[in-house]
Amino acid sequence: MVRKRMAVVVLLVALLCVAGAFQALHDREMDGGPGVGNGFLPADALVSALGGIRQYLAYVFFIKTDNLHHAYYGSIEHAAEVLPYLIAVSYLDPGYVDAFYVGSEILYDLGRREEAIQFNMRGLESNPESGDLMASLADIYLREKRYREAAELFREALRAKDKKILSEDFLHMGLVASLKAMGDVEGALRALEERISHLNTILASEDLDWETRAGLVKGINDLENQWGEMIKIQVEGHSR
């Protein structure tokens, strides 16, 4: 296992060094320095090719890692073994949102909570429009009892257009949980109403099968009961 991890590190360092060398050559060429008109393949073509290689390797690494992660799902020991590969992917292709998403989850489950936050934040720096990474960081903040920050990020994630991993209902649920934990009953009620409205919109779709429709109806009924209980608590609180 140590040899595998070392191989990943060596490959990553080699790729980044070559990328840096090509980028430096490319920069010199753009400034009119050596390499212009010497008959060699233009440096910008090499940089472009390298970028494709890095993205391809990131894809291969992630697919293999994701298969291992699913095969051993629930085993924190095996999850720890795939973590170096996810970190390698994040450097090979910083736009690979899934690597940051899964990697931060594993880091947090391993008890490396601050590292999980920093890794997730690095993903957001490279992918500032990713609703999935906003939500994953919000979920960590919720578990860390940083409720206000969690609520703000869940709201941002709901507004974000770039969401491929998490459902919108998960984001509504996270926002409601954050606001309730903050003690903001009125805010939680509004968020719960928005969640019920969102699910009713899905229910109106004609493409749902019977089983999915029945599950949605039950879920909406449960949420409406929860809404009623929250209203009751709020009224009792005002009457005291």
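Look above for the structure.
Residues numbered from 1 in each chain as written. Predicted model: local features only at pLDDT ≥ 70, side-chain atom pairs only at ≥ 80, totals over all residues. Heavy atoms only, no water.

### Some thoughts on the packing of aromatic side chains
All chains considered together, the criterion is met by two aromatic pairs. Both rings, one in F100 and one in F119, keep their centres 5.0 Å apart while their planes meet at 40°; by these two values the pair is tilted. Of this pair, F100 sits in helix α4 (residues 97-109) while F119 sits in helix α5 (residues 113-126); the two residues are 19 residues apart in sequence, bridging distant segments of the chain. When sorted by exposure, F100 lands in the same class as F119, which is buried. Ring centres 6.5 Å apart and planes at 65° place the aromatic pair F154 and F170 in the edge-to-face group. Of the two residues, F154 is situated in helix α7 (residues 147-159) and F170 in helix α8 (residues 168-182); the sequence distance between them amounts to 16 residues. Cation over ring: R122 sits above Y91, and NZ or CZ is 4.2 Å from the ring centre. (Phe/Tyr/Trp six-rings, centres within 6.5 Å; stacked < 30°, edge-to-face > 60°. Helix = DSSP H or I, 4+ residues; strand = E, 2+ residues; numbered from the N terminus. Buried < 20%, exposed > 50% of the residue type's maximum accessible area, 1.4 Å probe, protein only. Lys NZ or Arg CZ within 6 Å of the ring centre and 35° of its normal.)

### A word on helix α6 (residues 131-143)
Its 13 residues give α6 an end-to-end C-alpha distance of 18 Å, which sits within 8% of 18 Å, the value for a rise of 1.5 Å per residue. Buried residues dominate α6, accounting for 11 of its 13 residues. G131, D132, L133, M134, A135, S136, L137, A138, I140, Y141 and L142 are the residues of α6 that are buried. In the core, the buried residues of α6 are packed alongside α4, α5, α7 and α8. K145, located one to two residues past α6, shows a positive phi value of around 65°. (Expected span 1.5 Å × (residues − 1). Contact = heavy atoms within 4.5 Å.)

### Re the layout of surface pockets
Its volume calculated, the second largest pocket comes out at about 160 Å³. Lining the second largest pocket, in full, are Y101, S104, E105, D109, A135, S136, D139, I140, R143, L166 and F170. Listed by contribution, the elements that provide at least two residues to the lining of the second largest pocket are α4 and α6. Per-element tally for the lining of the second largest pocket: the top contributor is α6, with five residues. Grouping the amino acids of the lining of the second largest pocket by side-chain chemistry returns five nonpolar, two polar and four charged. (1 Å grid on protein atoms, 1.4 Å probe; cavity = no way out; pocket = protein on both sides within 12 Å on 5 of 7 lines; lining within 4 Å. Points joined across faces, edges and corners; volume = space filled by probe spheres on them. Nonpolar A, V, L, I, M, F, W, Y, C, P; charged D, E, K, R; others polar.)

### Remarks on the nonpolar core
Membership of the largest hydrophobic core comes to 48 residues, with the highest contact counts inside it found for F154, L171 and L175. Listing elements by their share of this core, those giving two or more residues are α3 (76-92), α4, α5, α6, α7, α8, α9 (185-203) and α10 (210-239). Contacts of L171, omitting those with residues within four sequence positions, involve A135, F154, A157, L158, K163 and L166. (Core = buried A, V, L, I, M, F, W, Y, C linked by side-chain atoms within 4.5 Å.)

### Observations concerning the side chain of N127
Tracing the chain through its elements places N127 in the loop between α5 and α6. Polar side-chain contacts of N127 include one of 2.9 Å to the backbone oxygen of P94. Excluding anything up to four places from it in sequence, N127 contacts P94, G95, V97, F100 and L133. (Polar contact = N/O pair within 3.5 Å; in protein donor to acceptor, adjacent residues only side chain to side chain.)

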